[in-house]
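Coordinate inspection notes
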Amino acid sequence: MIIGIGWTSSEDLMVIFESGEIQIRSLYGQLKSLFNVIKDSRAIDFQIFNTVNTYTGSYTTGCVILSAKNKLVLVKDVYDPKIQQFPDIPGSGELDSWCIISTDKNCTVLASRQNDLYQIVYGGVPQLLRLNFGVEYNSIKKLCVSFSHDLVALNTDTGYLLVCNNEITRIIHKYKADTTETALDIAWISNKAILALWDNLYLIPLGSDDIKNHFEIYYSSPCFLIQELDGVRVVTSTSNIFYQVVPKPLRDIFEIASIDVSSALFEASIAFYENKNQKAEEYIRSIKEKGALEDAIANCIQAAPHEFEPKYQAEVLRASLFGRYFDDYANAASYVKMCQTIRVLNAIRHPQIGLPLTYLEYEALSPSVVINRLITRRHFALAIEICKYLNMTDEEGIIKILSNWALYKVSQTDVEDNQIAAMIKSKLGDTPGISYAEIARRAISAGRSGLAIRLLDYEVKASEQVPLYIEIDMPELAIKKAMESGDTDLIYMVLFWYKNKFNNVSDFMKDISKKYHIAFSLMLQYFRQNSQDDKAINEFNDILNQQNLINEQVCSIINVALKQQTAEKKKQMFDEAKRLYLNKEVFNTNLLNDEIKLIKTQENLERNYGKKFDGKSLYETLGELIRLKLLDEAEKIRKEFKISDSSESWWHLKVKNLAKASCWDELEKFSKSKKSPIGYEPFVNYCMDANNVQEAKKYFPKVAADNRFNCLIKMKCLADALDLAYQKKDIQQVNIVIGKCDPSSQKILIDKAKMYRGELINK
Amino acid sequence: MTTTSSHLSSDRVNLLDLKEWLRREFLSFFEDCPGKKLIAWDKQLTQPLGLIADYRVLKERGVDKMMDLRELRDTRILKKKDLSDISHIFFIVKPKLELMSLIAHNVLSVEKELKNEIKEFHILFVPRMTHLCEKKLTDLGVYGSFKKNLKEIFLDLIPLDNDLLSMENPQLYKDLFLQNDPTYLYNIAKSLMTIQSLYGIIPNIYGKGKYSRMIADQILRMRREMGHNQETQITPKIDNLILIDRNIDLITPMMIQLTYEGLIDENFGIKYTQLEIPQEKIKKPNQDDKLNVVEMKKSIVILNSSDSLFAEIRDRNFNAINPVLSRTAKELQQTNEEKNRLQSVSQLRMFVEKTLKTYQVKKTSLENHMTIAEIIKELTMSDEFFEKLLTQNDLLAGLGGEKPNSYIINSMSRGEDIYTVMRLICLHCAVNNGFKTSLLETYKREIIRAYGIKYFELLNNMEKSNILHQQGVKNFDIVCKKMNLLVDKVNEETPNDISYVFSGYAPLSIRFCQYLTRPNWKAYGDLFGLIPGEFFEEVQYLPNMRKRRNSNTSLNSAQSGQSMDQKMTLVFFIGGCTFAEISALRYLSSINDNPTEFMIATTCLINGKSFIQSLKEGF
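Residues numbered from 1 in each chain as written. Chains lettered and ligands numbered in written order. Predicted model: local features only at pLDDT ≥ 70, side-chain atom pairs only at ≥ 80, totals over all residues. Heavy atoms only, no water.

Time to look at the overall build of chain B. Each helix and strand counted, chain B has 22 helices and 15 strands in total. Taking 25 Å as the expected radius of gyration for a compact globule of 619 residues, we find that chain B reaches 26 Å, a close match to that expectation. Dimensions of chain B, computed from C-alpha atoms along their principal axes, come out at roughly 75 × 75 × 65 Å. Classification of the 619 residues of chain B by burial places 58% in the buried group. Long-range pairs, those at least 24 residues apart, make up 80% of the contacts in chain B between residues at least 6 apart in sequence. When the accessible surface of chain B is split by element, carbon and sulfur atoms take 50% of a total near 26,200 Å². Looking at charge distribution, chain B has the averaged site of its 82 positive side-chain charges lying 3 Å from that of its 78 negative ones. (Helix = DSSP H or I, 4+ residues; strand = E, 2+ residues; numbered from the N terminus. Rg over C-alpha atoms; globule rule 2.2 N^0.38 Å. Buried < 20%, exposed > 50% of the residue type's maximum accessible area, 1.4 Å probe, protein only. Contact = heavy atoms within 4.5 Å. Areas by Shrake-Rupley, 256 points an atom, 1.4 Å probe, with all protein chains shown as cover. Lys, Arg positive; Asp, Glu negative; His and termini not counted. Charge placed at Lys NZ, Arg CZ, Asp CG, Glu CD.)

As structure tokens, then:
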């Protein structure tokens, strides 16, 4: 059962059920959210209240529910419902009345039961208030807080209406009604007066000493009082009348016998424009004498928006304009701004729009909130016009309106997808800041994936598109857009989702390898980086195999093979790798065959000579054998691996290692075996590496003429080198000799060299 | 770890802004969490993040302990005793799945041991969080432990010097050029967007190569996605962006760099501007010569432009640094003598306050560089080095032909360092526009015979990423001639051409940039076509107000002679660049009438060895 309804500050309907359920519904009745505040009881009463944030001026709607067990449950913000319990109310029995005083600091309940009045602060200890009201009463039947939460009105069973501050420490006003009935409804007009409903409507101004002072207003019931920022709206079945304290600027002008300068200015303009008499001049002069023309103009400008009738607005504005003719320093800014505000106010007050806001309310809400309210009412066109008129920023204005318009369009199920998409695109275009994805998301939740696809096509941000394509199960589009974006994170996200559509990884890889090149590379990277254990490596190898990436698979096997401990296992794995080529890659197959052969050879060598050759390359093995003077073995292997005995590699290997092992006889024998394909300079060099000048010199005569200088240098025969250089007239070489000389011990040689150099330069 | 940032600041495009931005981002993660913190790092990130914020700064923000995440495994997992007083545990990692498992183990252990204490866990992903990592964390059952504390910091392109940015990512070449993993393209594009958000939209984009093309497309797309209302309002400070795929010029990285900084990198490797010299290489001070009283206090030297001496010699040909070193030595000596002449106490105090500090800094710097130069000199004086250069020049001159080069073959049988051999083979291949099958096979067979089957994969990878390839159209000699790559008369001391960096070879990549930034570059259009890789240009639309003064959109506007001031060009190497190339660009910037100044960005700083090494498995 519904126990009450009310509005939130963003104009959603709150519906409170006896079960404790609270529903938030849009202006059109659509359920937006719901939550339950009571577990094991039922709701019997409720209060909805707004808390104003002192810094931003925005309002937050909250509510307090009174349960049948006399517990008070607080929800401070109905859009972010957190259920909080007030401390228990002392004593037992039903409450007579209660109300909420909420500021952004704390939230307080005032509750009355018979004689007692309790103050219950959220998170505090309940207090029994002891203020002597100075009147007789048995119980307080009604409590009503002013809009600003500063003042509280209490209605006693003896017909008194008492006004206190919100702490209930001070009595501000006393009123005695003619009846002892409880008032049906009480509301505050600003903090200045109270409207109370008994048999008739009574207007009770504050600040009078007469406790019976009131104005009676005749009303045909039923009627409801709605307290607003600066007045009370009285709604009956046939009328909607707003009561407010006449704003001061208006009073200044129109109050009977007003002596304010703005009143004079107004009179002046009436005299000039309507009565066409000279009094106008008198008024102006009197104002100017007081030096108050600017004040008068300003007050007229301030007064205008408080008028509801355009006719009167115009009259007051005209007065201010009239004043400006006499003001040498007039500044139009405030006038122009006010005219704009009034135009907007009049536009939204139009019966077809139906937002009869007062000027103060408009100012308090801010134009941005007013735009929100127009959007809620689907007055998109007016909202856009106002945005443009007020020069609002795109975020606050156009984007918000267009997006909401599009969201609304999407929910119009009677219009065709194509048509809606085209409409939205034509209106929204490429307006920056518009999220087509957001609109598409709404389309999806409205069950219109066809429309969503069309809309998503207009979205520029891939990161927004892709998750929605996934949601509506469009793998091709999702992958395509993700790849276009180049954002690999996004591509991976799609791919892992897409992968689940396949029974096994290899089908999946087969699929993407055909269609999506980049995606395929990425998945390979993923498997590559994640193949840490053997199982994963095998899986990865399978994929490589299926995708014909044989070379990479071979590499992967080789890497594993190299880590194996036994030669047997290694051979086995190299063989496995080799077989992958299926005799197609002859060169690589041969390389692997050679490796297997090498391992076998090394095994034999190890067996025969007890030396480890494990892990050595072919040349390293040969070098080692030569150094071990196992020349026959080396020769055998050379033949086996088809290394020509006249190849440069073989000669280098042999010369280097013979010299290294100081096998000088063998070296000499070798040098004479046939003509060296590498010349004889290396013989000299390798001998010198072993620091054997004697041996080096043996080969020097055979060194080709061009290389002799270098050999001499290497052999440290600097004097000979110098002679050779001089002979060849090579200054550079002479310099090299000088550079190689030790300046302290070879002074003579240096001098000689310098002399030669001088000679050569002079030539 | 360096704390000063003076080396980053510059008048035109101040990279200090980028550093400050990164620093603020990074530190805000700690500032948002009150209480003591423990950091478990991915070791690979300590250096790049160290360039952004040092330990002292972290400590000020409550970082109490730092640990290496990769060590927090098995029994060394986070325990109760590690965590007394600690309220936040930060894992700072690259988005790698194996690290997620490590994190999960630690989180679960902590949660099990400390049931009642509340510790907050955070992961900071560098450069970005990925769905895969989130999924992995969920699978491992720890996703919930992090609540909303999964954050990312887009630290990818790190400012190393006032004109140099690097991602310092040696793995990138392999992942991108070999495995075709486009992740990095996205990251590169993102970092360029960051650059644009700080220094304005770059009006002109030029590029060569397929990955450059893809990055340019990404940038244009990201800009579209962003919508112009979110765009930076900064007047463009960079006029041109040149994107270069490393693969368009595979000759240059194979060449031995002959600039000072290049040689340092060739011999020791420079990482994050840090040089670590192995102690044994440092010679005992030579007492005889006064100038050579060299004693290195530490073996780590910071190499950036805040060291004024280094700034002066880094880009010089190694043969031309001596004059600078001895001049500096003389200056220092003068200062020293001045000190001895001082008489009054006040003069002395002035000296101590004003001169002494810089004197000390300069002295240390001179000592360091003399030591380094001496070590390098010894290496460059050797016969092997000379022979290598000779072979390199022979190959470059096209003398390699279709036969295996005998120096290369001999080096292999002699068991020379494999990367020296590989570099020469690659050079041979590049100069020759590829190998005939038989030649390629000979080289490959020899490598396997000399160095073993373990290089099978490296060879395979080099082929797959096109560093070694079959012969295509032979045109290098034309390119060489038309782009004037081989220059005979090189002035190493006062260079008049970029070819000084290799003593006679002008790096192709830089020649390309040089010609492209000339006002009449369109005349070279056909020539650019001879270099591998697609050439393209894109113009980015700029709202009128943001146009740079005197900068009428594209390069050729300078033709009209309106603009007298130098433009600014950012060259981005995708796949790495060498110090020699940087030096060549700096040389161009320094020429007064050059139409543009250059800034350099690269995915990694490379030399021939590190470049080839990066293709190895498990690198």
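After presenting the structure, the write-up continues.
With that settled, consider the interface of chain A and chain B. Taken together, the contact between chain A and chain B spans 54 residues of the former and 46 residues of the latter. Carbon and sulfur atoms make up 53% of the area that chain A and chain B hide from each other, which totals about 4,400 Å². Joining chain A to chain B, the criterion identifies two salt bridges. In this structure, the salt-bridge partner of E552 of chain A is K464 of chain B, at a minimum N-O distance of 3.9 Å. The interface formed by chain A and chain B contains 19 residue pairs in polar contact (both at pLDDT 80 or more). Where the side of chain A that touches chain B is concerned, the elements lending two or more residues are helix 14 (475-485), helix 15 (488-499), helix 17 (517-530), helix 19 (550-562), helix 21 (586-609), helix 22 (618-627) and helix 24 (648-660) of chain A. The leading source of residues in the side of chain A that touches chain B is helix 17 of chain A, at nine residues. (Buried area = accessible area lost by both parts, 1.4 Å probe. Salt bridge = Lys/Arg side-chain N within 4 Å of Asp/Glu carboxyl O. Polar contact = N/O pair within 3.5 Å; in protein donor to acceptor, adjacent residues only side chain to side chain.)

Further remarks concern the sheet that holds strand 10 (residues 107-113) of chain A. Residues and elements named next belong to chain A. Spatially, the four strands line up as an open sheet ordered 9-10-11-12, and their pairing is antiparallel. The strands lining the two open edges of the sheet, one partner per strand, are strand 9 (97-102) and strand 12 (127-129). Ignoring which end each strand starts from, the neighbouring axes of this sheet average 25° apart. Bridge count between strand 11 (residues 116-121) and strand 12: three bridges; the pairing is antiparallel. (Pairing = 2+ DSSP bridges. Axes fitted to C-alpha atoms, helices over the stretch in contact; angles between N-to-C directions.)

Moving on: a negative patch on the surface. On the surface, D533, D534, E539 and D542 of chain A cluster together into a patch of negative charge. Structurally, D542 of chain A can be placed in helix 18 (residues 534-546). (Patch = residues over 30% accessible without salt bridge, like charges linked within 9 Å, V, L, I, M, F, W, Y side chains within 5 Å.)

This part takes up the sheet that holds strand 7 (residues 72-75) of chain A. Residues and elements named next belong to chain A. Read across the open sheet, the four strands follow the order 5-6-7-8; overall the sheet is antiparallel. On the outer flanks of this sheet lie strand 5 (43-52) and strand 8 (83-85), each paired with one strand and no other. Along the sheet, successive strands turn relative to each other by an average axial angle of 25°, direction set aside. Sheet analysis places strand 5 next to strand 6 (residues 59-67), joined by nine bridges and oriented antiparallel. If you follow D45 over to strand 6, its bridge partner there is L66.

Time to look at the pairing of strand 19 (residues 201-205) of chain A. All names here are of chain A. As judged from the five bridges shared by strand 18 (residues 193-197) and strand 19, these two strands associate in the antiparallel manner. Bridge pairing in strand 19 links A196 to Y202. In textbook terms, the turn of a hairpin is the stretch between consecutive antiparallel strands, and for strand 18 and strand 19 this stretch comprises three residues. Relative to strand 20 (residues 215-217), strand 19 is paired through three bridges, and the arrangement is antiparallel. Looking at the pairing, Y202 lines up with E216 of strand 20.

Before going further, it helps to spend a moment on unusual backbone geometry. A cis geometry characterises the amide bond from V126 of chain B onward to P127 of chain B, with omega recorded as 0°. Structurally, P127 of chain B is set in the loop between strand 4 (120-125) and helix 5 (131-139). Its identity is not glycine, yet S190 of chain A carries a phi of approximately 45°, on the positive side. Structurally, S190 of chain A can be placed in the loop between strand 17 (185-189) and strand 18. Here K276 of chain A, not a glycine, exhibits a phi torsion of approximately 50°, which is positive. Here K276 of chain A falls in the exposed class, since its relative accessible area comes to 65%.

A word on the environment of D64 of chain B. Residue and element names in this part refer to chain B. You can see D64 is positioned in strand 2 (residues 63-68). Judged by relative accessible area, which is 31%, D64 ranks as partly exposed. As for D64 and K36, which are separated by 28 residues in sequence, their C-alpha atoms are 6.0 Å apart. Beyond its immediate sequence surroundings of up to four residues, D64 is in contact with K36, K37, Y55 and I86.

What follows deals with the nonpolar core. Counting 246 residues, the largest nonpolar core has F26, I92, L243, Y260, I264, M412 and F572 of chain B as its most contacted members. Of the residues forming this core, the biggest block, 11 residues, is contributed by helix 15 (residues 418-431) of chain B. Residues contacting I264 of chain B, with those up to four places away along its chain left out, are G269, I270, L275, L303, F310, I372 and I376 of chain B. Residues L355, V370, I371 and F540 of chain A belong to the second largest nonpolar core, which totals 132 residues. (Core = buried A, V, L, I, M, F, W, Y, C linked by side-chain atoms within 4.5 Å.)

Before going further, it helps to spend a moment on the packing of aromatic side chains. All names here are of chain A. Per the counting criterion, the structure on display carries 45 aromatic pairs over all chains. Judged by centre distance (5.8 Å) and plane angle (85°), the ring pair of F86 and Y122 falls under edge-to-face. With a gap of 36 residues between them, F86 in the loop between strand 8 and strand 9 and Y122 in the loop between strand 11 and strand 12 connect regions that are remote in the sequence. Assessed through its relative accessible area of 3%, F86 is described here as buried. Accessibility expressed as a relative area gives 31% for Y122, which makes it partly exposed. Ring centres 6.1 Å apart and planes at 65° place the aromatic pair Y498 and F508 in the edge-to-face group. (Phe/Tyr/Trp six-rings, centres within 6.5 Å; stacked < 30°, edge-to-face > 60°.)

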